[in-house]
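# Report on the structure
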Amino acid sequence: MTDDTDFNPRAPDFAADPYAVYARLRQKPGLHYFADLDMWLASRHADVLSIVTNPKMPRMPGGILPSDELDRRQRQDNFHDMPNHQRFVQFSMLNSDGDVHDRLRRQVFRLFTPLYITSHRAVIQALVDRILDRFADGAEIDFVEDLAAEVPGHVIGHLLGVPEADCPMLRGWSENIVQYFDIDRSAERKALAEATSAQFADYLRGLKRQRRESPGDDLTSKLIAAQDAGDMSEDEFLSTAMLILMAGHGSTIDVLGSGMHALLSFPEQMQRLREDQGLIQTAVQEMFRFECPLPFFDRYASDEVTVGDRRFPKGTRFGLLYGAANRDLAQFDLADHFDIGRKPNRHLAFGGGAHFCLGNHLARLDMEIIFTTLLARFNRIELVEPPTYKPGLSVRGPKALRLKLSRG
Ligand code: HEM
C-alpha cells in the first residue's frame, strides 16, 4: 500500500495547482491508496478509461456489499439521517446501475438529442446578447458572477419549463446540494443539503402540477408523459428532474470561468480563436480537457477485477481522477499546453461508459455561444486580478474572474 502524504486535496496549494499533484500520482506505479475515503485512485488516462468502461465496476455498492457494511459506509461518508437527500439526490439515474439506470437513462436520452438541444440555439443567443448588452466599453466585470452564472441555469430552466423568475433560485439550491458531495461533510453543510433537497422536491411537485394543467414542449411535460406511461415512478420523476437541473449547472459556470482564464493565460490561443471562429468547437472541448470542472467520481468492484497489473477484491472502491487523466502525456501531446485546435481530444471531462454525460451537447452549446459572442463584441479582454480557485476534490473553477472589456 502507498501512503497518502502526497495527496491532500484539502491543502490550499492543491486548489492553486492540482496538476502538479496529479502529475506525481500518474508517475507512481499502479493506483494510489487514499485512506481518507478508503479508495484506490486512478490518475492515468488508460486506467480511468478501463474502470469506467468495465461493466464489473458499477457506480454504487448496493448489491455488492452486505447491508450492514453498506450502512457502515453510509455513516462513514455522513450520508445517513437525511431522508430527502437520500430519496431524491443519493438515488438518481447517476447513482443507479443496471436495469433501473438503463430505464431512467433511456427516458432522458431520447429527449436530450443533439437536434433538440441545437433547436434552442436562438433562445440561448438572445439570452447571451441581453447579458452582454449590459457591459459598456471599458467595463470591469466579474466574468463568473456577471456572465457565466447567468446562463446555464436559465437555459436548463427554460428547457424544463421553469418560469424565468425562478431560475436564479435554482443556482443556490444546486450549489447547496452539490457541495455536499465534496470532502467537507460538516453538520452545517449536511443540514443545508437536506433542507434544500426537501425544498427542491416541493418546488418540482408544484412545477409538475402546473405543467400537467398546461403541458408544453418542455422536458417536464415529457417526463410527466414518461411517468404516466409507467416508465418512471413519482420519486424517479422528481430525482430525474432535480438531476437535470443540477448536473450541469455549477459545472458549466466553473468551466466557463476556467476556460476564459485559459484563453487569458495563453493569449496566442485567444488571438487564434479571434482570427478563426471555426475553431470554437475544438476550443470548447479543449477547455473541458484543460480544466475539467468535475474532476472526481467513483466506482465499486462488483467482482474481483484487474486494473493495470494488480487484482482488487470485490467491494473495492475506486476514485476516478478525470482531471488528472486529462493531463496525461501518454494520451495528450504537450498535455499542460492549452491548444484550441487539439484533435483528437479524447478527454474524460464527461466521463465514459454507461454514465457518459447526457448534457454534454447543451454545456458545449452554451459555451460556444458565450465565447463566440464575447470575442466578437470586445476586441480586448484583460485580466484585472489573478483568480483564486475553489478548494476541494470534486469541483474545479475560479471563485471569481475580474476582467476589463474593451471594444477598441
Ligand atoms: C460542464 C458541464 C458538464 C460536465 C463537466 C459534466 C460531467 C459529467 C460527468 C463526468 C458525468 C458522469 C459521472 C460519472 O462518471 O459517474 C455526467 C453525467 C451526467 N450528466 Fe453531465 N456534465 C455537464 C453538464 C451537464 C448538463 C448541462 C446536463 C443536463 C442538463 C448533464 C446531465 C448529466 C446526467 C443526467 C448525467 C448522468 C448520466 C447517467 O448516469 O447515465 N450534465 N456529467
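A few points on the structure. (Residues numbered from 1 in each chain as written. Predicted model: local features only at pLDDT ≥ 70, side-chain atom pairs only at ≥ 80, totals over all residues. Heavy atoms only, no water.)

On to the nonpolar core, then. Ranked by internal contacts, the top residues of the largest apolar core, which has 104 residues, are F143, M260, F318 and I381. Once residues lying within four places of it in the same chain are set aside, the contact partners of M260 are F143, M270, F371, L374, I381, L401 and L403. With 15 residues, the next largest nonpolar core counts F7, V21, F296 and L321 among its residues. (Core = buried A, V, L, I, M, F, W, Y, C linked by side-chain atoms within 4.5 Å. Buried < 20%, exposed > 50% of the residue type's maximum accessible area, 1.4 Å probe, protein only. Contact = heavy atoms within 4.5 Å.)

For the ligand, the set of nearby residues contains 29 residues, the closest of which are H101, R105, Y322, H355 and C357. In this structure, H101 approaches the ligand through a side-chain N or O atom, which is 2.6 Å from an oxygen atom. Of all the secondary structure elements, the ones that give two or more residues to the shell around the ligand are helix 6 (98-109), helix 14 (234-247), helix 15 (249-265), strand 4 (296-300) and helix 19 (360-377). Residue composition of the shell around the ligand, grouped by class: 19 nonpolar, 7 polar and 3 charged. (Near = heavy atom within 4 Å. Polar contact = N/O pair within 3.5 Å; in protein donor to acceptor, adjacent residues only side chain to side chain. Helix = DSSP H or I, 4+ residues; strand = E, 2+ residues; numbered from the N terminus. Nonpolar A, V, L, I, M, F, W, Y, C, P; charged D, E, K, R; others polar.)

Protein coordination of the iron atom of the ligand rests on one atom only, C357 (SG), at 2.3 Å. Structurally, C357 can be placed in the loop between helix 18 (322-325) and helix 19. (Donors = N, O, S within 2.8 Å, 3.2 Å for Na, K, Ca; no water.)

With that settled, consider helix 13 (residues 219-228). Counting buried positions over the 10 residues of helix 13 gives 7, a clear majority of the element. Of all the positions in helix 13, only L219, T220, S221, L223, I224, A226 and Q227 are classed as buried. If you follow the buried residues of helix 13, they end up packed against helix 6, helix 7 (114-118), helix 10 (152-160), helix 12 (187-213) and helix 14. A side-chain oxygen of the first residue of helix 13 lies 3.2 Å from the backbone nitrogen of T220; this N-cap is D218. Of the residues flanking the end of helix 13, it is G230, one or two places downstream, whose phi is positive at about 85 degrees.

On the basis of which strands lie adjacent, the open sheet formed by 3 strands has the order 3-9-8 and antiparallel pairing. With one partner strand each, in any of the chains shown, strand 3 (139-142) and strand 8 (380-383) form the two edges of the open sheet. This sheet shows a mean twist of 30 degrees between the axes of neighbouring strands, independent of strand direction. With 4 bridges joining them, strand 8 and strand 9 (residues 402-406) adopt antiparallel strand pairing. (Pairing = 2+ DSSP bridges. Axes fitted to C-alpha atoms, helices over the stretch in contact; angles between N-to-C directions.)

Let us look at the sheet that holds strand 1 (residues 32-34). The sheet built from 4 strands is open, its strands ordered 1-2-7-4 with mixed pairing. The open sheet has two edge strands with one neighbour each: strand 1 and strand 4. The average undirected angle you get between the axes of adjacent strands in this sheet is 35 degrees. Alignment of strand 1 against strand 2 (residues 39-42), held across 3 bridges, turns out to be antiparallel.

Take the side chain of D328 next. Among the structural elements, D328 can be located in the loop between helix 18 and helix 19. There is no salt bridge for the buried D328, and the closest opposite charge comes from R26, which lies 4.2 Å off by N-O distance. One polar contact links the side chain of D328 to the main-chain amide nitrogen of A330, over a distance of 2.9 Å. Residue contacts for D328: discarding those within four places in its chain leaves R26, R44, H45 and A335. (Lys, Arg positive; Asp, Glu negative; His and termini not counted. Salt bridge = Lys/Arg side-chain N within 4 Å of Asp/Glu carboxyl O.)

This paragraph deals with the pairing of strand 2. Both faces of strand 2 are covered, namely the face carrying M39 and L41 and the face carrying W40 and A42. Where strand 1 folds back onto strand 2 in an antiparallel hairpin, the turn is made up of 4 residues, including D38, whose phi is positive at roughly 50 degrees.

Running from N to C, helix 15 and helix 19 point in directions that differ by 40 degrees, and their axes come no closer than 11 Å. Between helix 15 and helix 19, the crossing angle belongs to the class labelled oblique. Regarding helix 15 and helix 19, the two cross each other, and that crossing is right-handed. Contacts between helix 15 and helix 19 pair T252, V255, L256, G259, M260 and L263 from the former with A363, D366, M367, I370, F371 and L374 from the latter. (Parallel < 35°, antiparallel > 145°, perpendicular 65-115°, else oblique. Left-handed = near helix turned anticlockwise from the far one by under 90°.)

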